[in-house]
Structure formats: structure tokens, C-alpha cells
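Notes for the structure review
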Amino acid sequence: MKILGTPAIRYLPAAIVWLFAAGFLALTYQLPEATRATPSLVGWVTLGLATLDILSRTGGELGAALMRAVNPAGLKDRPENQPVTHKDLASGIGLIVALVSSFVILGVLPTTAIIIFGALMIAYRAQWITNAIIAAGATLGVWLLFAVLLRLQLFPGLAFGGVL
Amino acid sequence: MLTPWIDGFESLLHVQQIVFLCLGMLMGLIFGAVPGLGGTTALALLLPLTYGLDSITALALSGGVMGAVPMGGSISAILLNTPGSAPNAATCLDGYPLAQQGKAGLAIGAAASANAVGGLIGTISLLVVLPLSKMLVLSFGPPEFFLLSILGLVMVATASRGKMLRGLIAGGVGLMLSFIGFDQVTGTVRYTFGIQYLWDGVHLVPALIGLFAGAEMIKLWMKGGSISGGAGHTKITKISAGLFETFRHWPTVLRGSLIGTVVGAIPGVGGVVASFLSYSLTVQVSKDPESFGKGNIQGVIAPEAAINAKDGSALIPTIAFGIPGGAEMAVFLGILVLHGMQPGPLMLIQNQTEIYGLIWALTAACVLAGALGILFVRPLSMVTLVPSKKLAPIVMTIAFIGSWAVDQTVENVIVSGVFAILGYTMSRLDYPRLPIVISLVLGAGVERNFHQSLAMSDGSWGIFFTRTICMILLACIATGLFLTPARSLIGRLFTKQVAFPERRPA
């Protein structure tokens, strides 16, 4: 689907920023006047900039002229923005989500072992012995660095008595 | 006048400081050599680990990293045609052809000595400019500091390679995030949604770890494969001859160092501009421009001198005004804050020993990193052969544990995770990440100075338009905002010539 000559999906980033700024302003106006002076100023400016971003994404002369003037890099595809597969995207974001969840639930040391071993197994299924050695080595390194050298009491995880 | 210099030097003359300086250099060389890691990730990873160290040791460690990263980057650029960090891309243009001709040692030697000389000139400029900037910064009041912060943001957005609007938007979003928590002026709690952790605002260190180390590791994980091709059996000989090449071409090294010094002091412009500007100017003034791109040693010396000179001068806006000029400086600023130092006028007065200690550490790192790089040249080139899918989960896990270690708060890890995904998404959607960090750093100061300015003028905005320094800063902001449209217009009117576009590495 196209809106003003541009596929609707291309408006998405600018629209998200616009909604974020609008939501921020809505929250800001619930604050006392003295507290909201700077946030409201920043909120309105960002909303204006996001509107400009949306306009620069439209097809036609206005959009192209705006894009050329304030965001010329947007006119060409950058190599880093080549499409990634859904599988790659899911594994990249999934790794972060798994790391954070595991850290909160299981704590520092089990997370180090599980995440590193799990990630290596995804990438190199056949080399499970090497993967296990790397994961064990990294866990030992983390324990030595944080528990022995820095003398920190490692977070045990919510499952083992840790608290937020 | 010399007392702070001597105190700073003496503060480094302890076994612990020297050991950590060397550790920093080693880490800087490794992270500099591996494309995708770089100095920012190294500092982000180190940041929480410095928590248990005293401030001088932490600065020695950071100085070691910052001084050694360019040398690590030049080794992979010369041997593998893969720049360790973006500024080293200019070194590939002549460094790799030299390596193909069997003169890799010559190029590495020249890079090492150019790095050292460039670094020395950069730190000398820092030593000269800091006392002057101290005088300048003490004449600033809240309105000037408010406009200076805005100028810093505009400069960083403008320098975001043709993405000014998106840079400004990222800056705006960063400022909004910086308003979370206690309002310093009225004491009201804002935008926390009942989460007690957010009362102190978005914690800077976990955010930095997520935005840089986390996001970069997601990219590295997705990229997969080996980070670079092998160095094969490239011969590394004639290193000592290379060391002297720099001094034979002293105008080139001097020009590169001066370019790096000037460019480094401008927030947001960064090492890529410094190195390519230095390279292009060297080609233009050369009597034999045709030889560049085919293995001219000056094509290695010019960018390398500029890259290291930039590091010293980039500390000027960071230390004197609290405005980090780039991602690496933003993370470094996080280290300063973590150790109780507040960059800006107060730091120039209260932390002189630490500042000069850092300058000495940086100077030592610039000189010694070359020697260390030459010593470990072969293992460093091998590091880049580690598969990214093995490296990414290890670095990411350690970085996130480091985020927790800052104040042993598990919420820090969640913040790092959120910012890692945000950083990756911004990178994919072509929004620069640096302005968001600069805003997070500057946000509290912006609000405080804005309130104080209005209090000084009984609520009148006229205060920003009636003081001389404010007028100069406003003129700079306006210039910064018109720079991208003007550049775009000029670019359309005149054809741009790029030196050896076909040889530029991806």
C-alpha cells in the first residue's frame, strides 16, 4: 500500500518517533508547570522534526527536496541496510532477549555458560565439545574476574533467591 | 603552572598504573585490530570493570585503550585490507598495496611511527589548549552552557554523514529519555511509571553498553562468517626502515597531525573525516599523485598521523565543556562520571592531577602502542580470523555482566538489553546513535542551565539574545543547521571527486 507515493512501511520509523513524541507531550502536560518547561520544549521540537521526517519521506517534489536538504543520505541505500532474513533478525534479537531473561531468572554464572554454549551450538552444531570448552572457559573467566578479582557477590537469579 | 603536569606524571609512576596502562594498550590493540569491535566497544566493556579501581588507574587503563586502538586498526588495514575501525579505511588505500608488494613491514613501521608522532602532537595541543579553555569556560554562565550543549548536539547531528534531520530527532529522543526520573529543579518524579529504579533516570553506563557493545554484537552475530580474510603468508620485514620513513616525510606527518588536531576538537566530526582529509590533501600536494593508491608510503603516514592526533584534541570538548565529540568520548565521559568527576569547568579546577595523568597516559600509549603493535603484529592479524559467531556471544555476555557490575543492579541488564535493541534498530533504520548518547549525557545540564537562565532573567528568553558569547553560540548553531542543506546544494552544483573510489574498502 502506498501513501502519497511512498510505501506505507517507509513511514513507520518516523511515525513511531512522532507517536513517541506525542505520547511524551501528553504525559508532560500532566506535570506541574515549572517541571514541564524544558520537557515540553523538547517534546514540541522533536514532534516538529518527526513531522518533517514524515514529509521528507513522501513521494513528489516536496518530499525529495526536503530529503535532499535535511537528510541527503536517505536518498541512497546504504550497504549496511541491505535486507536481513527474518531468521537472522530473530536470532540476533532473540540472543539479547535470552541473555537478559536468563540473567534475571538464573543469575550470572548459569547465564554465561548457557548463553555462550547455546549461541555457539546454534552456529556450530557439530563442534559441541569445542563449544562446551569455550563456554566453560568463559564462565570460569567471568567468575575469576567478577567474583575473585572484583570481589562482587554474583547475582544468583530470581529462581535461586535473588531479588530485583 | 607546571605543578599539575608534574603531579599528573607522578601519579602514573606506580606499578599498578603502569600495569593497567599496558593492559589497556593490549586490549586497545586487539579491539582496534578486530573490525566491528573498535575503541568504543573496548571502553564500554571496560567501563564497569574500572569501578573497583581508583580514578588514576581507571584513566591509565582508558588512556592505554584510546592510544592503542588506531595502531591495532592500522595492522588489519595494511595486512588484510580490512580496517579495524572506520578511520583506518584510508590506510588501506596504500597500506594494502604495499603489503601485496612484500613491504608490509615498511608500512606497519611507518604507521607505528606516524601514530606516535601524531599522538604526541595531539596531546601537546591538548596541553596548550586546556589552560586556555579553562579561562574561556570560566567566563561561561548558565545561558552559555545551555546554548553550548545545544550547539554540541547540532554539531553531532550535522556531522552524521547526511543524516542531520535524523540526528536531530535522535538527539530529541535522547533528551526526552534524559528527563526520566527526579527533576533536579523542582524535585518532582517524572515518567517513571512507578518503577523505583527509574527515579535516578536512565542510567548512563548500561545505556552506553547496550547502544554500542550490545548493538554492535547483534550486528556481528548476524553478519556471521570470519571477520576478515586471512593475512596469508605476507612477509613482515623492513619494519625499522618504515619507522624512519615517517621522519623522512615530516611535512606529511606534520600536516596529518595538524588536520587531526583541528578536526578532533570539533564535536561529531570524527576520525574518518580527519584521515581521509589528510590523505586527500597529501595526494593533492604531492609531486607524484599517480603513485597513490598503488603503494605510496605517504598514503599510510598521512591518515595514521591524523587519526592519533585526533584522539588528544577530542578530549578538549569532552573535558573542558562536558560535550563528548564522538561515541568513544561519550563512553569515556561515562568512565569519568563513574569515578565522581564531572567534566566541565569544575573538573578543570578540581581534577587537574587526573586530567594530566590521563594526558601522560595517552601520550605514553601513543608512543608505546606502536612498539607493542610491532611486537604482536602476527597474533593481532590472527585475532581477526576468529569467527564472528564465536566472538559476539562472549563479548555480549561479558558486556552485560559488566553492566550489572556497575552498581550490582539487575535492572541495569534490562536497560542494556533495551538499548541494545534500540541501537540495532536505529542502525538498521539509518538513524545515528551518537546524538542519543550525547543527549543522555547533556540532558540534566541542559534542563538545569535552562531553568537557571530563565531565573536570571525573570523568565525572559531575551537572556539568550543579549549576551555576546550567547550570540556567537547562536550564530554557530544557525550555521550548523544550514550546513547540511548548503552542502547538499553545493554537492548538486559541483561534481564531487573521490580519491580512488574503486579501491575504498567496504
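Residues numbered from 1 in each chain as written. Chains lettered and ligands numbered in written order. Predicted model: local features only at pLDDT ≥ 70, side-chain atom pairs only at ≥ 80, totals over all residues. Heavy atoms only, no water.

So, the overall build of chain A
Along the backbone of chain A there are six helices and two strands. Start at the N end of chain A and walk to the C end: the helices and strands fall as β-β-α-α-α-α-α-α. For chain A, the spread of C-alpha atoms along the principal axes amounts to about 60 × 50 × 25 Å. Partitioning the intrachain contacts of chain A with sequence separation of at least 6 by distance along the chain shows that 49% fall at a separation of at least 24. As presented, chain A carries roughly 9,000 Å² of accessible surface, and 72% of it is formed by carbon and sulfur atoms. A gap of 7 Å separates the mean positions of the 10 positive and 6 negative side-chain charges of chain A. (Helix = DSSP H or I, 4+ residues; strand = E, 2+ residues; numbered from the N terminus. Contact = heavy atoms within 4.5 Å. Areas by Shrake-Rupley, 256 points an atom, 1.4 Å probe, with all protein chains shown as cover. Lys, Arg positive; Asp, Glu negative; His and termini not counted. Charge placed at Lys NZ, Arg CZ, Asp CG, Glu CD.)

Thoughts on the overall build of chain B
What chain B contains, in helices and strands, is 22 helices and two strands. Principal-axis analysis of the C-alpha atoms places the extent of chain B at approximately 70 × 50 × 50 Å. Counting only residues that meet the buried cut, chain B has 64% of its 506 residues in that class. For chain B, the share of sequence-separated contacts (at least 6 apart) that also reach a separation of at least 24 residues comes to 79%. Counting every atom, chain B has about 18,100 Å² of accessible surface; 68% of that belongs to carbon and sulfur. Charged side chains in chain B number 27 positive and 21 negative. The centres of these two groups are separated by 14 Å. (Buried < 20%, exposed > 50% of the residue type's maximum accessible area, 1.4 Å probe, protein only.)

Observations concerning the confidence of the model for chain A
Summary statistics for chain A give a mean pLDDT of 88 and a share of 96% for residues scoring 70 or more. Confidence, read as mean pLDDT per element, is least for strand β1 (residues 2–3) of chain A in chain A (78) and greatest for helix α1 (residues 12–28) of chain A (95). (pLDDT = per-residue confidence, 0-100.)

With respect to helix α11 (residues 250–264) of chain B
The terminal C-alpha atoms of α11 of chain B lie 21 Å apart, and with 15 residues this matches the ideal 21 Å at 1.5 Å per residue to within 8%. All of the buried residues along α11 of chain B are T252, V253, G256, S257, I259, G260, T261, V263 and G264 of chain B. (Expected span 1.5 Å × (residues − 1).)

Description of the packing of helix α9 (residues 204–223) of chain B against helix α20 (residues 434–456) of chain B
Residue and element names in this part refer to chain B. For the pair α9 and α20, the least separation of the axes is 11 Å and the interaxial angle reads 175°. For the element pair α9 / α20, the angle class is roughly antiparallel. Here L204, A207, L208, L211 and F212 of α9 lie close against α20, whose contacting residues are I436, V437, L440 and V441. Its residues assigned to classes, the contact of α9 with α20 shows nine nonpolar, no polar and no charged. (Axes fitted to C-alpha atoms, helices over the stretch in contact; angles between N-to-C directions. Parallel < 35°, antiparallel > 145°, perpendicular 65-115°, else oblique. Nonpolar A, V, L, I, M, F, W, Y, C, P; charged D, E, K, R; others polar.)

A few points about the interface of chain B and chain A
The interface is formed by 60 residues belonging to chain B together with 71 residues belonging to chain A. In total, about 5,900 Å² of surface goes out of reach between chain B and chain A, with carbon and sulfur atoms giving 75% of it. For the chain B face of the interface with chain A, the top three residues by lost area are L165, M176 and W221 of chain B, together amounting to 12%. Counting the contacts that link chain B with chain A gives zero salt bridges. Our count for the chain B to chain A interface comes out at ten residue pairs in polar contact (both at pLDDT 80 or more). Mapped by element, the contributors of at least two residues to the side of chain B that touches chain A are α8 (164–178), α9, α18 (388–405), α19 (411–428), α20 and α22 (468–493) of chain B. Broken down by element, the side of chain B that touches chain A gets its largest block of residues, twelve residues, from α18 of chain B. (Buried area = accessible area lost by both parts, 1.4 Å probe. Salt bridge = Lys/Arg side-chain N within 4 Å of Asp/Glu carboxyl O. Polar contact = N/O pair within 3.5 Å; in protein donor to acceptor, adjacent residues only side chain to side chain.)

Comments concerning the packing of aromatic side chains
To describe a pair of aromatic rings, you give the distance between the ring centres and the angle between the ring planes. Residues and elements named next belong to chain B. Taken as a whole and assessed by the stated rule, the structure comprises 14 aromatic pairs over all chains. Over the ring of Y431 we find R166; its NZ or CZ atom is 5.5 Å from the centre of that ring. The ring centre of W221 lies 4.6 Å from the NZ or CZ of K389, which sits over that ring. (Phe/Tyr/Trp six-rings, centres within 6.5 Å; stacked < 30°, edge-to-face > 60°. Lys NZ or Arg CZ within 6 Å of the ring centre and 35° of its normal.)

Looking at the environment of V441 of chain B
Residue and element names in this part refer to chain B. Relative to the assigned elements, V441 resides in helix α20. Residues V441 and G334, spaced 107 residues apart in sequence, show a C-alpha to C-alpha distance of 8.3 Å. Other than its neighbours up to four places away in sequence, V441 contacts L204, G322, P324 and L333.

Considering the pattern of salt bridges
Residue and element names in this part refer to chain B. Applying the stated criterion to the full structure yields eight salt bridges over all chains. Residues K163 and D430 are paired through a salt bridge, measuring 3.1 Å at the closest nitrogen-oxygen approach. With K163 in the loop between α7 (142–158) and α8 and D430 in the loop between α19 and α20, the pair connects residues that are 267 residues apart, well separated along the chain. Judged by its relative accessible area of 8%, K163 is buried. D430 sits in the buried class, given a relative accessible area of 5%. Between R248 and E245 there is a salt bridge, with the nearest N and O atoms lying 3.3 Å from each other. Of this pair, R248 and E245 are both found in helix α10 (residues 239–248), three residues apart, which corresponds to roughly one turn of the helix.

Some thoughts on the nonpolar core
Core analysis: the biggest nonpolar cluster contains 141 residues, and F332, F400 and W404 of chain B have the highest contact counts within it. Looking at which element gives the most residues to this core, the answer is α9 of chain B, with 14 residues. Look past the residues within four positions of W404 of chain B in its chain and what remains in contact with it is F103, V108, L152, Q153, L154 and F155 of chain A together with T409, V410, N412 and V413 of chain B. Counting 34 residues, the second largest nonpolar core, distinct from the first, contains M25, A110, A114 and I301 of chain B. (Core = buried A, V, L, I, M, F, W, Y, C linked by side-chain atoms within 4.5 Å.)

Observations concerning the side chain of N351 of chain B
All names here are of chain B. Mapped onto the elements of the fold, N351 is located in the loop between α15 (345–350) and α16 (352–375). Look at N351 and you get buried, because its relative accessible area is 11%. Apart from residues no more than four positions distant in its own chain, N351 is found in contact with M341 and L346.

Regarding the confidence of the model for chain B
On average, residues of chain B score 84 in pLDDT, and 93% of them reach the 70 mark or higher. Per the prediction output, this complex has pTM 0.82; the corresponding ipTM is 0.93.

Thoughts on a nonpolar patch on the surface
Residues and elements named next belong to chain B. Residues L120, I124, V128, L132, M135, V367 and L368 make up a contiguous nonpolar surface patch of roughly 620 Å² in combined accessible area. The set of elements that each furnish at least two residues to the nonpolar patch consists of α6 (104–138) and α16. A total of five residues in the nonpolar patch trace back to one element, the largest contributor, which is α6. With respect to the helices and strands, M135 occurs in helix α6. (Patch = residues over 30% accessible without salt bridge, like charges linked within 9 Å, V, L, I, M, F, W, Y side chains within 5 Å.)

A closer look at unusual backbone geometry
Residues and elements named next belong to chain B. Its identity is not glycine, yet Y191 carries a phi of approximately 50°, on the positive side. Examined against the element boundaries, Y191 turns out to sit in the loop between β2 (189–190) and α9. Overall, the relative accessible area of 10% leaves Y191 in the buried class. Phi at F193 takes a positive value of approximately 50°, unusual for a residue other than glycine. With respect to the element layout, F193 can be found in the loop between β2 and α9. Here F193 falls in the exposed class, since its relative accessible area comes to 66%.

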